[in-house]
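The chain contents come next:
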Amino acid sequence: MIRRTLGRLCLLVGLMLVSAAQAEVLLSEDEIARALSHGPWPPAFEPDPSNRVSGLPAAIALGEGLFSDPVLSRDGTMACASCHDPAHGFAEPRARANGKVLLDRNALALVNLPAHRWFGWSGDTDNLWAQSLTPIVNADEMDQDAAGLKQALVTSRWADDYAAVFGPPAGQDADDVLVNIAKALAAFQETLVTGPTSFDRFRDALEAGDLATAALYPEAAQRGLKIFLGRGNCALCHTGPAFTNGEFHDAGVPYFITETRVDTGRHGGLEALKASPYTLAGPYSDDPEQQGAWAVRQVRPLHSDFGTFRVPGLRGAARTAPYMHDGSLADLRAVVRHYNTIDMERLHADGEAILAPLGLSATEADDLVQFLRSLSDDQP
Ligand code: HEC
Ligand code: HEC
């Protein structure tokens, strides 16, 4: 009903605009319906049932403070913000993150995290606090352990703030202190949600049938959106309001790190997940109903998981170059070039069935870049 009305309105406004020689809505009825599925945005906040301090202002403030404080690292030199720079969309400009050693992967942007079910490029964890705990204890990153962390906390300026949220740390088990700190960090990161963009104003105007407002969205971005939804097949994986299906695919990025070493992607991620005590099915979750824990119980590494990586969300992406799990593509133009001329030899797993060189002209490639940029023009 709404669609039919929109279609008629489209035609009417289209005719009016031809005579007025003004901007117009270029999408077909079907494209409009599909564009609507990428909103509304932002989503309403829902507390994470596995984290009892999710959404709690005091925990969010503590997490924000800890995020930028190198006190979490053993030698006091590395903070979360060292690799997740707030001025770079909570990612970083280098291709691969530098911890104690050069890591294999690009630092993921810490925005719109509640949209995910699996965390990290390979889904090593099924919840945000476990993913926040990993870099603290990873020997190649902050290299801390639970006992050292508790010791550092007790003598730090965060001791009182911690006590106000979780109780006095001195008498607590060191592992619980580690998990609590990760839960405060998670509570903070849940608040990092990108704002409405010019795409959202377009989308919301289409939903409201306000075609005059919708027509303010630049035509280049509209043409790019048509490619995204249609010929480009992008929306098959970059679905929904956050532009990700949250699952793992092969997008044709090489997974060889050196000639002899590979990044196994989701396959290795599942092995790590299966071995972790910090899952939704484990003893550190605060959710008595263990919602969502069925997923970690059921998943098994399959051969087809090899070399697949999680589909990143695209909101805010214009701020977080370089791209892909290995940071190998310098800017959005390079990403579009990658898909446009994709090397079929490199594709395995399910990428093969979906991806193929697109044959976009230079103008069409530019249009697609303009559309991608329009997902990042909110005020950060
Ligand atoms: C040495 C650099 C470095 C430091 C320090 C670091 N990270 Fe990361 N972070 C990364 C990299 C690289 C990835 C991608 C890892 C992967 O997928 O294997 C990542 C991924 C993440 C993710 C997953 C995001 C998603 O979309 O799934 C979260 C959450 C995260 N980091 C939080 C933190 C927190 C909290 C801290 C501080 C306790 C921290 N990071 C410290 C480099 C770093
Ligand atoms: C088969 C599923 C699939 C399709 C189809 C697909 N993508 Fe992706 N996309 C991915 C995956 C998986 C990654 C991460 C790949 C990696 O790091 O190895 C990704 C990465 C990206 C990134 C980088 C984001 C970042 O933060 O690093 C952008 C931008 C992007 N895709 C845009 C597009 C566009 C535009 C299209 C259509 C031309 C498209 N994608 C089609 C799955 C897909």
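Each value, and the rule that gives it
Residues numbered from 1 in each chain as written. Chains lettered and ligands numbered in written order. Predicted model: local features only at pLDDT ≥ 70, side-chain atom pairs only at ≥ 80, totals over all residues. Heavy atoms only, no water. Helix = DSSP H or I, 4+ residues; strand = E, 2+ residues; numbered from the N terminus. Donors = N, O, S within 2.8 Å, 3.2 Å for Na, K, Ca; no water. Buried < 20%, exposed > 50% of the residue type's maximum accessible area, 1.4 Å probe, protein only. Core = buried A, V, L, I, M, F, W, Y, C linked by side-chain atoms within 4.5 Å. Contact = heavy atoms within 4.5 Å. UniProt positions renumbered as here; feature names shortened; annotations may be inferred. Near = heavy atom within 4 Å. Polar contact = N/O pair within 3.5 Å; in protein donor to acceptor, adjacent residues only side chain to side chain.

A. Structural view of unusual backbone geometry. Look at the link from G39 to P40: it is a cis peptide, with omega at 0 degrees. Tracing the backbone through its elements, the reader meets P40 in the loop between α2 (29-36) and α3 (57-67). In the segment running from W41 into P42, the intervening peptide bond is cis, with an omega of -5 degrees. Looking at where P42 falls in the secondary structure, it is placed in the loop between α2 and α3. Phi angles above zero are rare outside glycine, and D143 is one such case at about 55 degrees.

B. A look at the coordination of the iron atom of ligand 2. Coordination of the iron atom of ligand 2 by the protein comes from H238 (NE2) and Y339 (OH), over a distance range of 2.0 to 2.1 Å. Here H238 falls in the buried class, since its relative accessible area comes to 10%. Assessed through its relative accessible area of 21%, Y339 is described here as partly exposed.

C. Highlighting the nonpolar core. In terms of nonpolar packing, the biggest core is built from 41 residues, with F67, L72, W129, I136, I181, L185 and Y278 touching the most fellow members. Only α3, α4 (80-83), α5 (128-137), α6 (146-154), α7 (159-166) and α8 (174-189) provide two or more residues apiece to this core. Ranked by residues supplied to this core, first place goes to α8 with 11 residues. With residues near it in sequence (within four places) discarded, Y278 still touches D126, N127, W129, A130, L133, D175, L178, V179 and Y284. Within the second largest apolar cluster, 39 residues are counted, among which are A221, C234, V335 and L358.

D. Examining the UniProt feature "binding site: heme c 2" (unreviewed entry) in the protein chain more closely. In this structure's numbering, the residues bearing the UniProt feature "binding site: heme c 2" (unreviewed entry) are C234, C237 and H238. As for its placement among the helices and strands, C237 is situated in the loop between α11 (219-229) and β1 (248-249). Judged by its relative accessible area of 15%, C237 is buried. Mapped onto the elements, H238 comes out in the loop between α11 and β1.

E. Structural detail: the coordination of the iron atom of ligand 1. Donation to the iron atom of ligand 1 from the protein comes from one atom only, H84 (NE2), at 2.1 Å. Tracing the backbone through its elements, the reader meets H84 in the loop between α4 and α5.

F. Spatial organisation of the site of ligand 1. Neighbouring ligand 1 are 28 residues, the closest being C80, C83, H84, G120 and W121. Between W121 and ligand 1, the recorded distance is 2.7 Å, taken from a backbone N or O atom to an oxygen atom. Elements with a minimum of two residues in the shell around ligand 1: α4, α5 and α8. Broken down by element, the residue count for the shell around ligand 1 peaks at 5 residues, all from α5.

G. Molecular detail of the site of ligand 2. The full set close to ligand 2 counts 23 residues, and C234, C237, H238, H325 and Y339 are the nearest of them. In the model, a nitrogen atom of ligand 2 is placed 2.8 Å from a nitrogen or oxygen of the H238 side chain. Note that an oxygen atom of ligand 2 is positioned 2.6 Å from one of the backbone N or O atoms of H325. Residue assignment for the shell around ligand 2 shows that the elements contributing at least two residues are β2 (309-310) and α14 (332-340).

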